[in-house]
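Below, each chain spelled out in residue letters.
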Amino acid sequence: MLRTRHSEDMPPKTKIFVSILATLGLAYLVLSAATWHLYEPGLFVTYLVMAVASSVIQVKQSNAPVAFSFNVPFILISLAELTRPEAVVIGCSAVLTQCLMDRETRRRPLQIFLSVTVAATIVAGADFVVRAILPQSLQSVTVRLFVAAGAFFAASTLPSAMALRFIGRQRLGKVWKTAHFWSFPYYLVSALIAAVALGMRQGISIDSALLALPAVYLAWRYYRAQKAQFAEKEKHASEMAALHLRAIEGLACAVEAKDLLNTKGHLRRVQLYCLEIGKEFGLAGDELAALHAAALLHDVGKLAVPEHILAKPGRLTPEEFAKMKVHPVVGAEIVEQVRFPYPVAPIVRAHHEKWDGSGYPLGLKGGAIPFGARILSTVDCLDALTSDREYRKAVSYADAMTQIRHESGKSFDPQVVEVLERRYCDLERLAQELPQGSEISSGFEASSPGAPAAGFDLWGGKPSVPDRPLDFLSMISAARREDRFLLEVVGNLGVSLELEEMLGRVRESLEAVIPHQAMAVFIRHANTLAVEFAAGANQDVLSYLEVPMGTGLAGWVANNAGAVVNGNPAVDPGFRCAADQPLESALAVPLEGGAGVLGVMTLYHRSKDGFTRDHLRMLLGVTSKIAMAVENALKYRESAQRANTDPLTGLPNAGLLGQSLKTELTRARRLNHPLAVVICELAGLRDIYREQGAVSGDRVLKQVAEGLKKDGRQYDHLGRMGVGEFALVLPGMTPDALTRKLARLNAITAKLDLPAGKAVVFRIGRAFYPEDGDSDGVLLEVARFRASGAPAETAPQLDSLREALQDERQDEPVVERSKVERRVHERTR
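Analysis parameters
Note on numbering: residues in each chain are counted from 1, in written sequence order. Only residues with pLDDT of at least 70 get local features here, since the model is predicted, and only at 80 or more are side-chain atom pairs given and counted; chain-wide, interface and lining totals rely on the full set of residues. In computing side-chain values, all of the structure's heavy atoms are included and hydrogens and water are not. We count a stretch as a helix when DSSP gives it H or I for four or more residues in a row; a strand needs E for two or more, and each element gets its number in order from the N terminus. Only protein chains enter the calculation, and the probe is 1.4 Å; a residue is then buried if its accessible area is under 20% of its type maximum, exposed if over 50%, and partly exposed in between. Using the Shrake-Rupley algorithm and a 1.4 Å probe, accessible areas are obtained, with residue cover drawn only from the displayed protein chains. Between rings of Phe, Tyr and Trp, where Trp is taken as its six-membered ring, a pair exists when centres lie within 6.5 Å; planes separated by under 30 degrees are stacked, by over 60 edge-to-face, and by other angles tilted. Here, a salt bridge means any Lys or Arg side-chain nitrogen found within 4 Å of an Asp or Glu carboxyl oxygen. Any two residues whose heavy atoms approach within 4.5 Å at even a single point are treated as in contact.

Sorry, what's going on with the overall build of the protein chain here?
Regarding its fold elements, the protein chain presents 30 helices and twelve strands. Burial analysis of the protein chain (829 residues in total) assigns 48% to the buried set. Of the roughly 40300 Å² that the protein chain leaves accessible, carbon and sulfur atoms contribute 57%.

How should I be thinking about the packing of aromatic side chains in this particular structure?
Between two aromatic rings, the relevant description is the distance of the centres plus the angle of the planes. Taken as a whole and assessed by the stated rule, the structure comprises five aromatic pairs. Judged by centre distance (6.4 Å) and plane angle (15 degrees), the ring pair of Tyr397 and Tyr424 falls under stacked. In this pair, Tyr397 is assigned in helix H17 (residues 397-406) and Tyr424 in helix H18 (residues 414-432), connecting sequence segments 27 residues apart. Consider the rings of Tyr544 and Tyr715, whose centres lie 5.3 Å apart with planes at 55 degrees: the pair is tilted. Taken as a pair, Tyr544 in the loop between helix H21 (539-542) and strand E5 (546-548) and Tyr715 in the loop between helix H26 (694-711) and strand E10 (717-720) lie far apart in primary sequence, 171 residues in all.

I'm lost on the pattern of salt bridges in this one. Help?
It is possible for side chains bearing opposite charge to pair when their charged atoms get close. The final tally for this structure, using the stated rule, is 24 salt bridges. Taking the shortest distance from any N to any O, the salt bridge between Lys302 and Asp299 comes out at 3.8 Å. Glu691 is the salt-bridge partner of Lys758, the closest N and O atoms lying 2.0 Å from each other. Taken as a pair, Lys758 in the loop between helix H27 (735-750) and strand E12 (761-769) and Glu691 in helix H25 (residues 685-692) lie far apart in primary sequence, 67 residues in all. We classify Lys758 as partly exposed; its relative accessible area is 22%. With relative accessibility at 46%, the residue Glu691 sits in the partly exposed group.

Sorry if this is basic, but what is going on with the environment of Ala373 here?
Looking at the element boundaries, Ala373 is found in helix H16 (residues 371-385). For Ala373, a relative accessible area of 1% translates into the label buried. Considering only alpha carbons, one finds Ala373 and Glu353, 20 residues apart in sequence, at a separation of 8.0 Å. Dropping the residues within four chain positions of it, Ala373 is found in contact with Ile347, Ala350 and His351.

Given below as structure tokens:
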């Protein structure tokens, strides 16, 4: 007869079909009770007792879809000799006894009710067919029994085949033939047994014997053929099941290998717990096989989660948690590709759902969660709590059960929690006895998943939804690319301590995973953010941005230490774009060092919604490492400045200024910007030193240095090159602007506090990139040559000097000043 599953595990169409059958059976029982009458009480009681007694005996065959019960012959006799209501009561009583006496499958009251009411419909339907086919005048009880056997077979198996049809989406005839038709001889043999039993009671007639012989022969022949066919199918099914199991265990072993050091044996323990608890609830057959496979494969979807998220020692951000939540969906999609003959994917998909509906990915609640998933989620939590993780130590089983009991009715099914609490000690002892199995080799160089509930560090935004649905292979590939990106970024951070070179390499890595058209890195100086690195579209404008703290996009990010996705870059003071290079959106994150926010990194996109929350999550994954590298580069620059600073004036010395000139020259080449180099020599300073002493001379130098500092821009570079020689590196300086600046420089000497009768003036020389040269040495020496006061007719010698210096710089980047001076005097004599 039709075997009912857990009602909550049935597909909707199957629920409707079973409900209709149960309703018809219940209606017929109520109607029969209202018009009940026994025509032969003794005969009815006899058949009832025999049917109930025979229901206890069942013969089960390995892998067969049904169990053979000895009550069928007595149900057939009741169909042939008693009234329809009497036959229905006998059939229902037999099914009720069979349900109650089945120790292996503990059915719930609702299942028993459905089985009994459906049985009423089946028996009544079979009786209706018998009475519709055979005329009332036919007196042969044997014929009636065999017709009743065929009708009872059809009434018992057709509803079951229809239910399977709703689940498997196959043709009804194929499902009926494959799943049930092989058992037809059992009903013929039951009819024969019923005929013999009636013959013994009434006396066997000649016609009964003659009709029984061919029927017995046909039944025997049919049974032999069907048995051979079924044995072949059973062998093939066993081989396929073994193959599936090996594939499951191999794939599960590969997934567990990613987390082998932290959760070794996790899958084996979860598998054991799930199967034992499933048996406690009466799961068997396909339901238990599905739970077996799901227990092994429930974490296979973590292949789509980047390893830096799985192994993160701290709390997950919303973006990281959103990425973690894809693994049940991806895991279900992977499992669906295997096409298991039992429902594994629904369990994998729902193993993070919660009893109160607050789980993911679908937010299922209560009975809507597959029963296997309820078992798996509870067991998985117990094993996670009792295992060491990256973010916490393991707790004892008693403490873990206390936490799970607290979540009963909220996160977990209370019935499952009750069974787990009763059995966990015994199950753990069994788990300790499990063989460890083969280990995955870990000797090769190759590039513990925690429960998402372990951490949720709010960042002030909702997790993003993908712009378009991705298949699981794409998501796994994206996770691998993200891991390679993180490794590449970390590798580039250690290449150089020069800020601009290091950030240039970082930008190259970012372009591969976060598409953008420009990048700027702001560094905090007191209450102002100034761009120290810019690349991409509009980099000439970005390079000179200065944003007060708390103002504009970058100022808000630095002031609040919070990220912004798709912000408006135009709110930053001084920001503008070329007409052919629009920048409409920005992704900005704070760079936090040991003493707080040290700057802001901003990526720009040409579209208004060019960035996603996934881009933010990836950027946040490397921001702390970038911030650390930037902080180290700034400290290196600061220490280098201290080591290369003139102790008298506090200005950079010749070495440090030379490095600044190289950096600005590199930027000028990349941005195609002008660059000016100015040499200022103090004429008259040597007389003060010689006549007034070192104290007076030093005081003059300090006054000159202070005046030069005050006149300079924040991004200009000033250094002391010799006793009375100063050099200025002026990015973006045009000839007209420089003329005005030189006038201010000459005014500095007029304001000096000098000894009586003494005067000093600047002798100034200048050089421009690219007009006067494209190397740092050439620009310095050209400016120094012009500061020396050489007459105009020495211009050809200057060109010759520039060419000679340029040729020599290609092979010898550092030229001693004494050699250069000698060449200058030789060529200008």
